[in-house]
Amino acid sequence: MKRIITALKKHKAIDQWRIIHQKSTGYQLYVIGSMVDNIRKVVTDKYYVTIYCRNEIGMGSTHFTVFEHDMPDMERRLEPAVFTAKRVNNPYFDLPCPGYSPAVETFDPTLQGDVQDILFVQLADRLVDAVEHEPYVRLSSSEYFLDLQNIHLCNSCGVDLDWKQTEIFFDGVLLSGDPGEEVEIHFEPRARRLQDLPVEKIIHTHSEFARDARFAKLPPSGNIPVVLSGEALTHIFSPLVHHTSGNCQFNRTSRFKPGQPVYLADDPKGDSLTVISNGYIPFGLRTVPVDNDGVATGRHELVREGIFRKPWSTQQYANYLGVDPTGEIANLEIPVGTNSRKDLLENNGPVLQVEEFSALMPDVVSGSFAAEIKVGYLYENGKKTPVRSGSVSGNLLDCFNNAFFSIESRQGQYGLSLTSFGTYSGPESIRFEEFQVTGK
């Protein structure tokens, strides 16, 4: 890193700079059915460099990656980077200076132990055994990953901090049904700690999904209540995260204004919405002592009881807005409601519960979405019927006008898939009254 810093300081056109040195040791294990492959070890050592250059209008920046074999050519690597940065026109801002950085838990020391035991015994063997105890389900394939990282962050304003973090996850596919007509269920849980991956629980839950999906029918069409649970909660907050950002506030593209309601309706009927960015959650997937600029993590209320309080903001946009930076969005925390999950599923007419979508990718600007149902259940007249295919559509900004949160919470430290906000801590289920269901 010293060689990179020396080259950056010598270049007169570079006003500010930031370096993130990431040294990672990763282990990978692959299983086809119950046949176990060998462990692969992958070591990477790279530097993510960002430079900032003043120009006649403001300041520009660009990023590039440096490996150890690039070090002798650092001076030459800087020329095209400076050329690019000086042609980007952004208002000037200062990088953060050294300050308090909280001690947060991001590293599981048990993952430094016997890697073969961890991947073979603690994960692969447990997963295969769990599947063998599930009737009418078989394991197609599975993969296991363990990553140990050393992070060193420094910038031109004096920030110099290093920490360690771990991540462990597995990826698998379950099949159920006759050959040629199998139903496939995929899962990809990940966590910072091994103990936060409840293998048997995850397999049992997804095995039930696979068995039920064999007999699933299309849901009825219409404007019926929809309860989202489990992985179906992934990404439903993405539009809210987008519109509460300092970037959107500065560019005046946000639908929200500080101090005003986030609801469009004058008289919202559901539970009040509170959204918190929490970087303190022990071993959370987005828990780090500082963000990529060096802004200390924290716990920040973005929305409190339906009122937009403040944006989450990187150093750049905090400077532009004249507010204190919160750092990048962290783990998402949503307070629970007052209704039981059972109450949310009860209704005189049908209620659709969705556990998984095939792919939920809302338009974060408009909030609109339409997603195919992968795993769902229809509750009607005291009967629970598996449903599959069909779709749910609506708007993930307007829907909180009439939404109800379960009193049961999902406080798991693992995420079922990669999300923009890391670990989710909040209601186990949320009922929305204004979604459109398309089925038979």
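Residues numbered from 1 in each chain as written. Predicted model: local features only at pLDDT ≥ 70, side-chain atom pairs only at ≥ 80, totals over all residues. Heavy atoms only, no water.

Participant: Describe the overall build of the chain, naming the residues involved and giving the relevant values.
Facilitator: Helix and strand content of the chain: eight helices and 22 strands. The C-alpha atoms of the chain give a radius of gyration of 24 Å, which matches the 22 Å a tight globule of 440 residues would have. By its C-alpha atoms, the chain is 75 × 60 × 35 Å across when sized along the principal axes. In the chain, which comprises 440 residues, the share counted as buried stands at 54%. A sequence separation of at least 24 residues applies to 72% of the contacts in the chain between residues at least 6 apart. For the chain, the accessible area works out to roughly 19900 Å², and carbon and sulfur atoms hold 49% of it. (Helix = DSSP H or I, 4+ residues; strand = E, 2+ residues; numbered from the N terminus. Rg over C-alpha atoms; globule rule 2.2 N^0.38 Å. Buried < 20%, exposed > 50% of the residue type's maximum accessible area, 1.4 Å probe, protein only. Contact = heavy atoms within 4.5 Å. Areas by Shrake-Rupley, 256 points an atom, 1.4 Å probe, with all protein chains shown as cover.)

Participant: Now, about the packing of aromatic side chains: what can you tell me, with residues and values included?
Facilitator: Two measures describe an aromatic ring pair: the distance that separates the ring centres and the angle between the ring planes. Scanning the model with the defined rule gives 15 aromatic pairs in all. When the ring of Phe93 is compared with that of Tyr320, the centres are 6.1 Å apart and the planes differ by 90 degrees; the resulting orientation is edge-to-face. Of the two residues, Phe93 sits in the loop between α2 (74-85) and α3 (115-132) while Tyr320 sits in helix α7 (residues 315-321), which places them 227 residues apart along the sequence. Taken individually, Phe93 and Tyr320 each receive the classification buried, so the pair is uniform in this respect. Note on Phe250 and Tyr320: the rings are 4.8 Å apart at their centroids and 40 degrees apart in plane angle, and the pair reads as tilted. With Phe250 in helix α6 (residues 246-251) and Tyr320 in helix α7, the pair connects residues that are 70 residues apart, well separated along the chain. Residue classification places Tyr320 among the buried residues on the basis of a relative accessible area of 16%. An aromatic cluster is present here, built from Phe237, Phe369, Phe400, Tyr424, Phe432 and Phe435 joined pairwise through their rings. The ring of Tyr92 has Arg54 sitting right over it, with the charged end atom 3.7 Å from the ring centre. (Phe/Tyr/Trp six-rings, centres within 6.5 Å; stacked < 30°, edge-to-face > 60°. Lys NZ or Arg CZ within 6 Å of the ring centre and 35° of its normal.)

Participant: An account of α2 is needed here, citing residue identities and associated values.
Facilitator: Turn by turn, an α-helix covers 3.6 residues, leaving residues three or four places apart pointing in a common direction. For α2, which comprises twelve residues, the first-to-last C-alpha distance of 16 Å matches the rise-based estimate of 16 Å (1.5 Å per residue) to within 8%. Along α2, the positions that sit buried rather than exposed are Met74, Leu78, Ala81, Val82 and Ala85. End-on view of α2: buried residues confined to an arc of 105 degrees, all on one side of the axis. Check the buried side of α2 and you find it contacts α1 (2-10), β3 (40-54) and β4 (59-67). (Expected span 1.5 Å × (residues − 1). Arc of directions from axis to C-beta.)

Participant: Quick one: what's the story with the sheet that holds strand β10 (residues 275-278), residue by residue and with numbers?
Facilitator: Paired through their backbone hydrogen bonds, the strands of a sheet run either parallel or antiparallel. Across the sheet, which stays open at both edges, the six strands sit in the order β12-β11-β10-β13-β20-β19 with mixed pairing between neighbours. Taken across any chain shown, the strands that pair with only one partner, and hence form the sheet edges, are β12 (307-308) and β19 (409-410). The pairing of strand β11 (residues 299-304) with β12 spans two bridges and is classified as antiparallel. The residue bridging Val303 from the neighbouring strand is Phe308, located in β12. (Pairing = 2+ DSSP bridges.)

Participant: Describe the pattern of salt bridges, with residues and values.
Facilitator: Summed over all chains, the structure comprises 17 salt bridges. Taking the shortest distance from any N to any O, the salt bridge between Asp73 and Arg76 comes out at 3.5 Å. For Asp73, a relative accessible area of 34% gives the class partly exposed. For Arg76, a relative accessible area of 55% puts it in the exposed group. For Arg190, the salt bridge goes to Glu188, with nearest N and O atoms at 2.4 Å. Connected via shared salt-bridge partners are Glu167, Glu188 and Arg190. (Salt bridge = Lys/Arg side-chain N within 4 Å of Asp/Glu carboxyl O.)

Participant: Explain α1 residue by residue, including any values.
Facilitator: The complete set of buried residues in α1 reads Ile4, Ile5, Ala7 and Leu8. Down the axis of α1, the sector holding all buried residues measures 165 degrees, keeping them to one side. Residues of α1 that are exposed and angled more than 90 degrees away from the buried face: Lys2, Lys9 and Lys10. For α1, the secondary structure elements touched by its buried residues are β1 (16-32), β3, β4, α2 and β5 (138-155).

Participant: Summarise the pairing of strand β21 (residues 429-432); cite the residues concerned and give the values.
Facilitator: Burial of the side chains of β21 extends over both faces: Ser429 and Arg431 are buried on one face and Ile430 and Phe432 on the other. Two strands pair when backbone bridges link them, and strand β9 (residues 226-229) and β21 are joined in this way by four bridges, in the antiparallel orientation. Each residue of the ladder has a partner; that of Val227, found in β21, is Arg431.

Participant: Run through the packing of α1 against α2, naming residues and quoting values.
Facilitator: In a packed pair of helices, the relevant descriptors are the angle between the two axes and the axis-to-axis distance. Here α1 crosses α2 at 50 degrees, and the two axes come no closer than 10 Å. Taken together, α1 and α2 sit at an angle that is classed as oblique. Our pair here, α1 against α2, has a crossing hand that is right-handed. Where α1 abuts α2, its residues Ile4, Ala7 and Leu8 lie against Met74, Glu75 and Leu78. The class makeup of the residues in the contact of α1 with α2 is five nonpolar, no polar and one charged. (Axes fitted to C-alpha atoms, helices over the stretch in contact; angles between N-to-C directions. Parallel < 35°, antiparallel > 145°, perpendicular 65-115°, else oblique. Left-handed = near helix turned anticlockwise from the far one by under 90°. Nonpolar A, V, L, I, M, F, W, Y, C, P; charged D, E, K, R; others polar.)

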